[in-house]
2 protein chains.
Amino acid sequence: MKTLCTECEEPAPHGALGRCPSCGGILQAVYRDDALARLEAVTPGRGIDRYRATLPVKTPILSLGEGDTPLLRSRRLADLLRLDDLRFKHEGLNPSGAFKDRLAALAVTLAREAGSRSLLSASSGNLGAALAAYCAAAALPCTILLEPGAPAAKIRQTVAAGAYVVPVAGLFAQPPEAIAALTGEVAARLDAYHAFAWAPVNPYILEASKTIAYEVVAQGGVPDVVVVPVGGGDTLAAQWRGYQELHVAGIIEGLPRLVGIQALGAAPLLQAFESGSEHVPMLADVRSSISGINIPFSGAHALAAVRASGGHVAAVSDGEIRAMQARLLREEGVWAEPVGAATVAALPALLQEGRVASHERVVCVLTGAGFKDEVLAAARAHAVSARRSVPFSPAAIIEALQGADPPPADASLD
Amino acid sequence: MKTLCTECEEPAPHGALGRCPSCGGILQAVYRDDALARLEAVTPGRGIDRYRATLPVKTPILSLGEGDTPLLRSRRLADLLRLDDLRFKHEGLNPSGAFKDRLAALAVTLAREAGSRSLLSASSGNLGAALAAYCAAAALPCTILLEPGAPAAKIRQTVAAGAYVVPVAGLFAQPPEAIAALTGEVAARLDAYHAFAWAPVNPYILEASKTIAYEVVAQGGVPDVVVVPVGGGDTLAAQWRGYQELHVAGIIEGLPRLVGIQALGAAPLLQAFESGSEHVPMLADVRSSISGINIPFSGAHALAAVRASGGHVAAVSDGEIRAMQARLLREEGVWAEPVGAATVAALPALLQEGRVASHERVVCVLTGAGFKDEVLAAARAHAVSARRSVPFSPAAIIEALQGADPPPADASLD
């Protein structure tokens, strides 16, 4: 593995942070072709360390059991959508409940290789919770600059894991360059490893999301379409790189189309995609409450990945997203957080517009677990806990059940 | 596989519920020895269906990705305890966040094999949440009689998955015979599959916990000691059966000692163990708030398993349990619910009393995820969310950090 500039191709030292010292380009880790081919021989099991041959570290990756999440076949929504093969890559079964555990495992290992005594990052919620847990395991003090509107469950996890949490007003309303300048200055003052997961700052962390692609292929072969929620876009871009690596190494023949899903009220990538631009605009304001994708910017790398794959970008409303979170649990038993449910919420329109065909193999990446952000469930539970307990008697229980609302019937998804 | 009475050894039909029709004894599924030997050849991967050869079903087990949870090596607490090899079997990484998903996968498959059109059970929290999700996946209406004091997160999951939830006053203050009579009558009236997980009612469901033992052996060999929280005792008894099966089949040579942990305020198994009795008393009242083990009864099967294994029973206070929940996250990055943390909380006394030796390989079974019951974390997060956001400026952030409490130093565990 070596670190090269993506523009001038000059090498940089192992683990170098920031932009290329020669030309200011974005750095990237590059691997030998035989390293990629070795992926075929990876043994099953949890922990992304088994993919170390194509991850930007030289030492074992600290593991809390991240990765190897299930690829579940849809039982009921696929039929309603008339999709032959719909699967969910359920990243909620990671240790802190989100795919960010893959990134945190890598980030903490990078920090140790750099000899850092602490770590700092900015987060809209899940990355902070993941970094806090992995730093705890590594006995590395952790500071998280947090989006103040993050769901309470994510804040609780981060605080309980012992991280220093600083809610910063308007954090993710700023462009990534401004956030990076802020986190960079604070990291320097604290002498902390700079783990803001944005390639011009830290070109390595996002690579952890490649392992989602590796696992999808190992579990079910190459899909025709992979649907991914897009905030900043690193997750989509990294998965595209993962599929490309498998292709270059001759491990897979075809490549999937990548479809990026945004919230209607926070869709800069959609704007750029539809306008044919290579530049992704920064939105003046964000009108979405979906944690993880309610940010005003996306990266050009995600746009390039969508286009190179022959994919698409679409957006769905917050209401559609939260309704699909509820349906995934009630009709599939799959408890995902809203941002991941957005991928499934987008399917009806994608099918109707011919962006996805009924016979295609579709994988929706559910990025986190339902407990992370459970607005609908909390509202329903409120109604139950408000109801008085029923006496310990069969007759009283039968009577209570007769007064209960029936579970919802299957509804059309059109 | 056949179903036999554990007392008169008369056969019963496949899937028969209740006690032996001949003598009133408890029924049990029995497997051929070559079925056990085939466990050696199971392929890795999630879903307990790969262990079907020794599970009491004849059709594929419905899977939401349960099982294959990580066996994590302790990084910091082991050193503090001076234990050479401490591992955590982290059952929180199951789809609904607890090992009960193994039971729910089996229960729903049993209900389908029985041709049932719905399912009913009683739960103190996690089993209800798991059954609700698996019934949703199977399109099987689900009714849960719930302990009213269950943690809110567990109630939210169960309701959101579409189960009919009836909070029954004093449900788990009753002896299991009385609960079984209640659930039996309601199940009969509803024509529902009777999934109250107690062997005299349903001799099959508890067997799912055997798969925890299979996985521990596959992941790390035979431990010297397995520490398990004990409420009703099914979980401990079933794991003991799992180790015994592996032993009879010649797959493992030694057997672990099983140590059962209870809450000090709900310790009927400890009373029986210390008194040398074979009868486990029913407590008049329970003085513990630890969901999952704050019940007044335990089964004699758990007592027999502890004694047969040469193991032990111990109890810890609610305060020790909740403190260990917090420490597991802050010092290991492992986010477990209190009932599982009880196993780790018991280790200092077990070591001091010589029940466990420093050189032994110890596995603590962490039965559920932290989000299930996060009293301490919620309290800490309250403090953070009450703090005003800091302006988007490095100086303001540094100032806020200088006023923050430091993370706790490592403390002795004595």
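Residues numbered from 1 in each chain as written. Chains lettered and ligands numbered in written order. Predicted model: local features only at pLDDT ≥ 70, side-chain atom pairs only at ≥ 80, totals over all residues. Heavy atoms only, no water.

**A look at the overall build of chain A**
In terms of helices and strands, chain A carries 15 helices and 13 strands. The C-alpha radius of gyration computed for chain A amounts to 22 Å, which stays within 12% of the reference 22 Å derived for 414 residues, consistent with globular compactness. Expressed as lengths along the three principal axes of its C-alpha atoms, the size of chain A is roughly 75 × 45 × 45 Å. Each of the 414 residues in chain A was classed as buried or not, and the buried ones make up 63%. Of the contacts made within chain A by residues no fewer than 6 positions apart, 69% connect residues no fewer than 24 positions apart. On chain A, roughly 14600 Å² of surface is accessible, and the fraction owed to carbon and sulfur atoms is 50%. The averaged location of the 41 negative side-chain charges in chain A is 5 Å from the averaged location of its 35 positive side-chain charges. (Helix = DSSP H or I, 4+ residues; strand = E, 2+ residues; numbered from the N terminus. Rg over C-alpha atoms; globule rule 2.2 N^0.38 Å. Buried < 20%, exposed > 50% of the residue type's maximum accessible area, 1.4 Å probe, protein only. Contact = heavy atoms within 4.5 Å. Areas by Shrake-Rupley, 256 points an atom, 1.4 Å probe, with all protein chains shown as cover. Lys, Arg positive; Asp, Glu negative; His and termini not counted. Charge placed at Lys NZ, Arg CZ, Asp CG, Glu CD.)

**Things to note about the packing of helix 3 (residues 100-113) of chain A against helix 4 (residues 126-138) of chain A**
Residues and elements named next belong to chain A. In the contact formed by helix 3 and helix 4, the axes pass within 8 Å of each other and the chain directions differ by 45 degrees. Our classification of the angle between helix 3 and helix 4 gives oblique. Handedness of the helix 3/helix 4 crossing: right-handed. Facing helix 3, whose interface residues are Lys100, Asp101, Leu103, Ala104, Ala105, Ala107, Val108 and Arg112, helix 4 presents Asn126, Leu127, Ala130, Leu131, Tyr134, Cys135 and Ala138. Across the contact of helix 3 with helix 4, the residue classes break down as 11 nonpolar, 1 polar and 3 charged. (Axes fitted to C-alpha atoms, helices over the stretch in contact; angles between N-to-C directions. Parallel < 35°, antiparallel > 145°, perpendicular 65-115°, else oblique. Left-handed = near helix turned anticlockwise from the far one by under 90°. Nonpolar A, V, L, I, M, F, W, Y, C, P; charged D, E, K, R; others polar.)

**Details of the sheet that holds strand 7 (residues 142-146) of chain B**
With parallel pairing, the 4 strands of this open sheet are ordered in space as 8-7-6-9 (chain B). Either end of the sheet is taken by a strand with one partner, and the two such strands are strand 8 (164-167) and strand 9 (193-194) of chain B. Here 2 bridges tie strand 6 (residues 119-123) of chain B to strand 9 of chain B, and the two strands are oriented parallel to one another. By the bridge assignment for strand 9 of chain B, leucine 119 of chain B is matched with tyrosine 193 of chain B. Running over the sheet, helix 15 (residues 394-402) of chain A touches strand 7 and strand 8 of chain B and is turned about 140 degrees from strand 8 of chain B. (Pairing = 2+ DSSP bridges.)

**Here's the deal with unusual backbone geometry**
Residue and element names in this part refer to chain B. At alanine 139, a position not held by glycine, the phi torsion is positive, near 55 degrees. Mapped onto the fold, alanine 139 is located in the loop between helix 4 (126-138) and strand 7. A residue is classified by how much of its surface remains accessible, and alanine 139, at 48% relative accessible area, is partly exposed. One non-glycine residue with positive phi stands out, namely aspartate 191, at about 55 degrees. With respect to the helices and strands, the residue aspartate 191 is situated in the loop between helix 6 (176-190) and strand 9.

**Here we look at the sheet that holds strand 1 (residues 2-5) of chain B**
On the basis of which strands lie adjacent, the open sheet formed by 3 strands has the order 2-1-3 (chain B) and antiparallel pairing. Pairing within the sheet leaves two strands with one partner each, and these edge strands are strand 2 (11-12) and strand 3 (27-30) of chain B.

**Digging into the interface of chain B and chain A**
On the chain A side, the residues contacting the 74 residues of chain B number 74 residues. At the boundary of chain B with chain A, total buried surface from both sides reaches about 6400 Å², with 71% on carbon and sulfur atoms. Contact with chain A buries surface across chain B, with Arg156, Tyr164 and Phe392 of chain B losing the most and accounting together for 11% of the total. One salt bridge in this structure joins arginine 156 of chain A and glutamate 374 of chain B, with 2.7 Å as the shortest N-O distance. (Buried area = accessible area lost by both parts, 1.4 Å probe. Salt bridge = Lys/Arg side-chain N within 4 Å of Asp/Glu carboxyl O.)

**Here we look at the packing of aromatic side chains**
Residues and elements named next belong to chain A. Under the counting rule described, the total for this entry stands at 5 aromatic pairs over all chains. With 6.4 Å between their ring centres and 45 degrees between their planes, phenylalanine 196 and tryptophan 198 make a pair best called tilted. For phenylalanine 196, a relative accessible area of 5% gives the class buried. Classification of tryptophan 198 by relative accessible area gives buried; the value is 17%. (Phe/Tyr/Trp six-rings, centres within 6.5 Å; stacked < 30°, edge-to-face > 60°.)

**With respect to the environment of valine 259 of chain B**
Residues and elements named next belong to chain B. Locating valine 259 in the fold gives a position in strand 11 (residues 257-263). Among the residues examined, valine 259 registers a relative accessible area of 2% and is labelled buried. C-alpha of valine 259 to C-alpha of proline 229: the two residues are 30 residues apart in sequence and 8.4 Å apart in space. The contact partners of valine 259, leaving out residues within four places of it in the chain, are Val225, Val226, Val227, Val228, Leu236, His312 and Leu350.

**Comments concerning the side chain of threonine 183 of chain B**
Residues and elements named next belong to chain B. Counting through the fold element by element, threonine 183 comes out in helix 6. A polar side-chain atom of threonine 183 sits 3.2 Å from the main-chain carbonyl oxygen of alanine 180. Among all residues touching threonine 183, those that are not within four sequence positions of it are Leu120, Ala122, Leu145, His194 and Phe196. (Polar contact = N/O pair within 3.5 Å; in protein donor to acceptor, adjacent residues only side chain to side chain.)

**Some details on helix 12 (residues 338-345) of chain A**
Of all 8 residues in helix 12 of chain A, 8 are buried, a share of seventy percent or more. All buried positions along helix 12 of chain A are accounted for by Pro338, Val339, Gly340, Ala341, Ala342, Thr343, Val344 and Ala345 of chain A.

**Overview of helix 6 of chain B**
In a regular helix each residue adds 1.5 Å, so 15 residues correspond to 21 Å; helix 6 of chain B covers 21 Å between its end C-alpha atoms and thus fits that length. Where helix 6 of chain B is concerned, the buried positions are Pro176, Ile179, Ala180, Leu182, Thr183, Val186 and Ala187 of chain B. The buried residues of helix 6 of chain B occupy an angular sector of 165 degrees when projected down its axis, which confines them to one face. Along helix 6 of chain B, the residues that are exposed and aim more than 90 degrees away from the buried face are Ala188 and Arg189 of chain B. For helix 6 of chain B, the secondary structure elements touched by its buried residues are helix 15 of chain A together with strand 6, strand 7 and strand 9 of chain B. Phi for aspartate 191 of chain B, located one or two positions after helix 6 of chain B, is positive at around 55 degrees. (Expected span 1.5 Å × (residues − 1). Arc of directions from axis to C-beta.)

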